[in-house]
Amino acid sequence: DREGAERLLTELKFVFELREQKLGWHYPILKTVATKDEGITELVSAVEEHGESLKKSGGLEQKRKERLLLRIHELIEQKIRSHLRERVVSEDELKKLVDKIYKRQLDPYRVAADITAKMIRTRR
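Note that the structure is predicted; figures quoted are calculated from it, not measured.

**Structural notes on the overall build of the protein**
Inference 1: Along its length, the protein carries five helices and zero strands.
Inference 2: When its helices and strands are written in sequence order, the protein yields α-α-α-α-α.
Inference 3: Relative to the globule expectation of 14 Å for 124 residues, the C-alpha radius of gyration of the protein, 25 Å, shows a markedly less compact shape.
Inference 4: If one aligns the C-alpha atoms of the protein with their principal axes, the spans along those axes are about 60 × 35 × 30 Å.
Inference 5: Buried residues in the protein amount to 13% of all 124 residues.
Inference 6: Look at the contacts in the protein between residues 6 or more apart in sequence, and 40% of them connect residues 24 or more apart.
Inference 7: For the protein, the accessible area works out to roughly 11100 Å², and carbon and sulfur atoms hold 55% of it.
Inference 8: Charged side chains in the protein number 28 positive and 23 negative. The centres of these two groups are separated by 10 Å.

Laid out in structure tokens, this is it:
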């Protein structure tokens, strides 16, 4: 229902054909017009088909495990940041270090290494 939709459809089909060759999944590119209720049934069917395909291939389980792994990494990083702020280096100290880095009295790699070493020494 938008100007240039046909051209976009053609471009998307081309791009996804290249991905399909790598991943082995056919990406249906569907044209819909929500205001006219056109193509919605086909869209829903394609989404359901994709979900079933992921379940059968084990891809859904793999994606969920990947998301859980990512979430665990995020939680670990949050804990580290919290520990860093609460027990290792204050915001004021960081600002002073930034000033020294800015003045080229220190380099950021050395500061990061020192803070990391201090954090390891002050763990729970």
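**Thoughts on the confidence of the model for the protein**
Atom-level detail of predicted coordinates should not be read off regions where pLDDT is low.
Inference 1: With 92% of its residues at a pLDDT of at least 70, the protein reaches an overall mean of 88.
Inference 2: Here helix H1 (residues 5–23) stands out as the least confident element of the protein, with mean pLDDT 80; helix H4 (residues 91–102) is the most confident, with 95.

**Topic: the packing of H4 against helix H5 (residues 108–121)**
Inference 1: The geometry of H4 relative to H5 is characterised by a closest axis approach of 10 Å and an angle of 155 degrees between their N-to-C directions. Comparing the axis directions of H4 and H5 gives the class roughly antiparallel. Taken as a pair, H4 and H5 cross one another with a handedness that is right-handed. Where H4 abuts H5, its residues Glu 93, Leu 94, Leu 97 and Ile 101 lie against Pro 108, Val 111, Ile 115 and Lys 118.

**A look at H4**
Inference 1: Taking 1.5 Å of rise per residue, 12 residues should cover 16 Å, and H4 covers 16 Å from first to last C-alpha, within 8% of that figure.
Inference 2: Phi for Arg 104, located one or two positions after H4, is positive at around 65 degrees.

**Some points on unusual backbone geometry**
It is generally the case that most residues other than glycine have a negative phi and that most peptide bonds are trans.
Inference 1: Here the phi dihedral of Asp 37 falls at roughly 55 degrees; this positive angle occurs in a residue that is not glycine.
Inference 2: Within the element layout of this structure, Asp 37 appears in the loop between H1 and helix H2 (40–57).
Inference 3: Under the relative-accessibility criterion, Asp 37 is labelled exposed at 58%.
Inference 4: In this model, Arg 104 sits at a positive phi of 65 degrees, which is unusual for a non-glycine residue.

**A look at the nonpolar core**
Inference 1: Among the nonpolar cores identified, the biggest contains five residues, and these are Val 88, Val 89, Val 111, Ile 115 and Met 119.
Inference 2: Of all the elements, H5 adds the most residues to this core, at three residues.
Inference 3: In this structure, Val 111 is in contact with Leu 97, Ile 101 and Leu 106, ignoring residues within four places of it in sequence.

So, how was this worked out
- Residues numbered from 1 in each chain as written.
- Predicted model: local features only at pLDDT ≥ 70, side-chain atom pairs only at ≥ 80, totals over all residues.
- Heavy atoms only, no water.
- Helix = DSSP H or I, 4+ residues; strand = E, 2+ residues; numbered from the N terminus.
- Rg over C-alpha atoms; globule rule 2.2 N^0.38 Å.
- Buried < 20%, exposed > 50% of the residue type's maximum accessible area, 1.4 Å probe, protein only.
- Contact = heavy atoms within 4.5 Å.
- Areas by Shrake-Rupley, 256 points an atom, 1.4 Å probe, with all protein chains shown as cover.
- Lys, Arg positive; Asp, Glu negative; His and termini not counted.
- Charge placed at Lys NZ, Arg CZ, Asp CG, Glu CD.
- pLDDT = per-residue confidence, 0-100.
- Axes fitted to C-alpha atoms, helices over the stretch in contact; angles between N-to-C directions.
- Parallel < 35°, antiparallel > 145°, perpendicular 65-115°, else oblique.
- Left-handed = near helix turned anticlockwise from the far one by under 90°.
- Expected span 1.5 Å × (residues − 1).
- Core = buried A, V, L, I, M, F, W, Y, C linked by side-chain atoms within 4.5 Å.

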